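For reference, the chains in residue letters:
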Amino acid sequence: MISVTMLVIWLLLVGASFQGSEQVDSQALEWFFKGQELTGTKLEYSREQAEFFEKAVELDPDFVEARYNLAVIYIQHSRNDAALQQLNAWIDLEPEDPRGYLLRARLRMEEDRLDGAAQDFQQALTLDAGNHEAWQWLGRIHYRQGQYQEADLAFHQVLKLSPGSAATYFDLALVLHTLARKEEAIDHYRKFLNHFPDDFQANYRLGLIYRETGQDDLALKHFLRAEEKEPDQWDLLEQLGNLYLDRDNLGEARARLLRADQESVFNLANLGVIAKREGQNGLALQYFERALHGEPHNAQIWAHQGDVLAQMERNQEAVEAYQNSLRYNPEDLNTLYNLGTLYVYQKRPREALDLFQGGLTREPCHGQLHHATAVVLDQMQDSDRAETHYRRSIDCGAQEPFAHLRLAFLLARKGNRTEALYHLTAALEERPEEYVTVVVTELRKVHSDLDSIRYTDDFRRLLSKYQALSP
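Basis of the calculations
- Residue numbering note: each chain is counted from 1, following its sequence as written.
- Given that the model is predicted, a residue must reach a pLDDT of at least 70 before its local features are reported, and side-chain atom pairs must reach 80 or more before they are shown or counted; all residues, however, enter totals for whole chains, interfaces and linings.
- For the side-chain quantities, the full set of heavy atoms in the structure was used; hydrogens and water were omitted.
- Secondary structure is summarised from DSSP: a helix means a run of H or I of at least four residues, a strand means a run of E of at least two, and numbering begins at the N terminus for each.
- Here the radius of gyration uses the C-alpha set of atoms, whereas the globule reference equals 2.2 Å times the residue count to the power 0.38.
- Burial classes follow relative accessibility: with a 1.4 Å probe on protein chains only, a residue under 20% of its type's maximum area counts as buried, one over 50% as exposed, and anything between as partly exposed.
- Working rule for contacts: check all heavy atoms of both residues, and any pair within 4.5 Å makes them a contact.
- Here the Shrake-Rupley method, with its probe set to 1.4 Å, supplies the accessible areas, and only the displayed protein chains count as covering residues.
- Pairs were defined over the aromatic rings of Phe, Tyr and Trp, the Trp ring being its six-membered one, requiring ring centres within 6.5 Å. Orientation was assigned from the angle between planes: stacked under 30 degrees, edge-to-face over 60, tilted for the rest.
- Placement of a charge over a ring requires the Lys NZ or Arg CZ to be within 6 Å of the ring centre, with the centre-to-atom vector within 35 degrees of the ring normal.
- Residues enter a nonpolar core if they are buried and are Ala, Val, Leu, Ile, Met, Phe, Trp, Tyr or Cys, with the set joined through side-chain atoms within 4.5 Å.
- Defined by distance alone, a disulfide is two cysteine sulfur atoms within 2.5 Å.
- Salt bridges, as used here, are contacts in which a Lys or Arg side-chain nitrogen is within 4 Å of a carboxyl oxygen on Asp or Glu.

### A look at the overall build of the chain
Right, so step 1: When helices and strands are tallied, the chain shows 26 helices and zero strands.
Right, so step 2: For 471 residues, the compact-globule estimate of 2.2 N^0.38 gives 23 Å, and the C-alpha radius of gyration of the chain, at 37 Å, exceeds that figure by more than 25%.
Right, so step 3: With the principal axes as the frame, the chain shows a C-alpha extent of 125 × 40 × 40 Å.
Right, so step 4: Across the 471 residues of the chain, 49% fall into the buried class.
Right, so step 5: By sequence separation, contacts in the chain at least 24 residues apart represent 49% of the contacts at least 6 residues apart.
Right, so step 6: Total accessible area on the chain stands at roughly 23600 Å², and carbon and sulfur atoms take up 47% of it.

### Quick notes on the packing of aromatic side chains
Right, so step 1: As enumerated under the stated definition, the model contains 13 aromatic pairs in all.
Right, so step 2: Their ring planes at 55° and their centres at 5.5 Å tell us that Phe32 and Phe53 sit as a pair that is tilted. Pair noted here: Phe32 is in helix α1 (residues 26-36) and Phe53 is in helix α2 (residues 47-59), with a separation of 21 residues, a long-range link.
Right, so step 3: Judged by relative accessible area, Phe53 falls into the buried class, the value being 0%.
Right, so step 4: Aromatic pair Tyr337 and Phe356: ring centres 6.3 Å apart, planes at 35°, arrangement tilted. Here Tyr337, found in helix α19 (residues 333-345), pairs with Phe356, found in helix α20 (residues 349-362); they are 19 residues apart in sequence, far enough to count as distant.
Right, so step 5: Note on Phe356: relative accessible area 1%, which makes it buried.
Right, so step 6: Put simply, the rings of Phe32, Phe33, Phe53 and Phe63 pair up and form one aromatic cluster.
Right, so step 7: The aromatic ring of Trp137 is capped on one face by Arg140, whose charged end is 5.0 Å from the ring centroid.

### Side note on the nonpolar core
Right, so step 1: Judged by nonpolar contacts, the single largest core of 98 residues is most densely connected at Tyr189, Phe223, Leu424, Ile453 and Phe459.
Right, so step 2: In terms of residue count, helix α23 (residues 401-413) provides more of this core than any other element does, eight residues in total.
Right, so step 3: In this structure, Phe459 is in contact with Leu421, Leu424, Val439, Leu443, Ile453 and Arg454, ignoring residues within four places of it in sequence.
Right, so step 4: In terms of nonpolar packing, the next biggest core, distinct from the first, is built from 26 residues, Ala28, Leu84, Leu87 and Leu103 among them.

### Considerations on the state of the cysteines
Right, so step 1: Taken as a whole, this structure holds one disulfide when the rule is applied.
Right, so step 2: Across a sulfur-sulfur distance of 2.0 Å, Cys365 and Cys396 are joined as a disulfide pair. Here Cys365 and Cys396 share a disulfide; its torsion about the S-S bond, -110°, makes the bridge left-handed. With Cys365 in the loop between α20 and α21 (367-379) and Cys396 in the loop between α22 (383-395) and α23, this residue pair connects regions lying 31 residues apart in the sequence.
Right, so step 3: Relative accessible area serves as the criterion here: at 41%, Cys365 is assigned to the partly exposed category.

### Some points on the pattern of salt bridges
Right, so step 1: Considering all chains together, one arrives at 36 salt bridges under this definition.
Right, so step 2: Its salt-bridge partner being Glu227, residue Arg256 comes within 3.0 Å of it at the nearest N-O pair. Taken together, the positions of Arg256 in helix α14 (residues 250-257) and Glu227 in helix α12 (residues 216-229) put the pair 29 residues apart, joining distant regions of the chain.
Right, so step 3: By relative accessible area, which is 9% here, Arg256 ends up buried.
Right, so step 4: For Glu227, a relative accessible area of 10% puts it in the buried group.
Right, so step 5: For the salt bridge of Glu434 with Arg431, the shortest nitrogen-to-oxygen distance reads 3.8 Å.
Right, so step 6: A residue is classified by how much of its surface remains accessible, and Arg431, at 34% relative accessible area, is partly exposed.
Right, so step 7: Residues joined by salt bridges that share partners form a network here, namely Glu227, Glu252, Arg256 and Arg259.

### Section: unusual backbone geometry
Right, so step 1: Here Tyr45, not a glycine, exhibits a phi torsion of approximately 70°, which is positive.
Right, so step 2: Looking at where Tyr45 falls in the secondary structure, it is placed in the loop between α1 and α2.
Right, so step 3: Given the relative accessible area of 17%, Tyr45 is considered buried.
Right, so step 4: Phi angles above zero are rare outside glycine, and Ala180 is one such case at about 65°.
Right, so step 5: Looking at the secondary structure, you find Ala180 in the loop between α9 (166-178) and α10 (182-195).

Structure below.
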């Protein structure tokens, strides 16, 4: 978010800075100059100095410069209500002077009264349209209020009036990023960094955009530069941990996430993923359980937990984890596939088949689901439907040599020699050592599914070729 912290030091008006002093009460003027004499001393902005200006205002309520100085001192002492009272009086006395509106606008911004601050800046700009600082503050208000197009126009006006305003590059980059004009945002962050190369926020936010646009090398470069400036900033550590995790650099990912917020579900889940990839299943479960305590309805974490439990052969617990995952996200076909596979292991083919077919209703060309469906139907001796799904699994891109092997057997049993040999060739090319043994074992049967092709020259040449390659 754009900071609204005051970027200026409130300055007192000096005696020479106002006109018409002959119209000011002489005693009031005397008190005013006594206050001014303290400027530049250790009593500047002191209570004593304020009392001199208060005397001047008391003697001459129309003494606008005294009111201004009094407002400045009140601001320094965080007496904002008293300062506002002086500024309101000054503006009533000098409605054509933009300085009163500017000071009141900034005071209102400190109090987060953005609507009033915007009105004051707009009034000041009506009186002095060339004030680039007023345009910049107005742009920041528009940004905070979600008026991004207006903020964009205001910041461009700043750069038109003051092309060297480096801070405006940062402000404008934030707005452009929010408006999804990412290339322009990148350009303005880079312009800002030309002036302030070590700025944490600019490097961090530029890294975010590079991450969003798939430029991970550049994202990493700027995240690391930001880390040099603020090594313990949790949001940055999360981003770095996630980026390193995506790049499978588990050590660097873990190092960042362990320094980030240890109550964050996001961090706990990612630490679990790291442990899962490293085969530390017990540790992974601990992280996932802690994450689920924070977000019990998080489908992705339940799915990760199911994967670990299945790896540990705690199949019933894995089933329950996958069921929970699908309860919260029934569209996750990978989890659906994993659960169905466990049902097959548990000799629950009907439940597996229902799951797989439900998934295919949502995604008709999901190769893995077609393959899993075919295997279940094959086991149930529903050969025609199994053949259909084996074919569909291949057509839909599943890289499963077993589909070719089973099609070879099923088609040979039907007497379709040409296609049977085609699929057998494809299976043996992928896994000759494993599938030569399967074929030889099948040929020892008195009645084999391969009887229609076993005595053909093409089959003998094919088997001889791969037997020579098989140990």
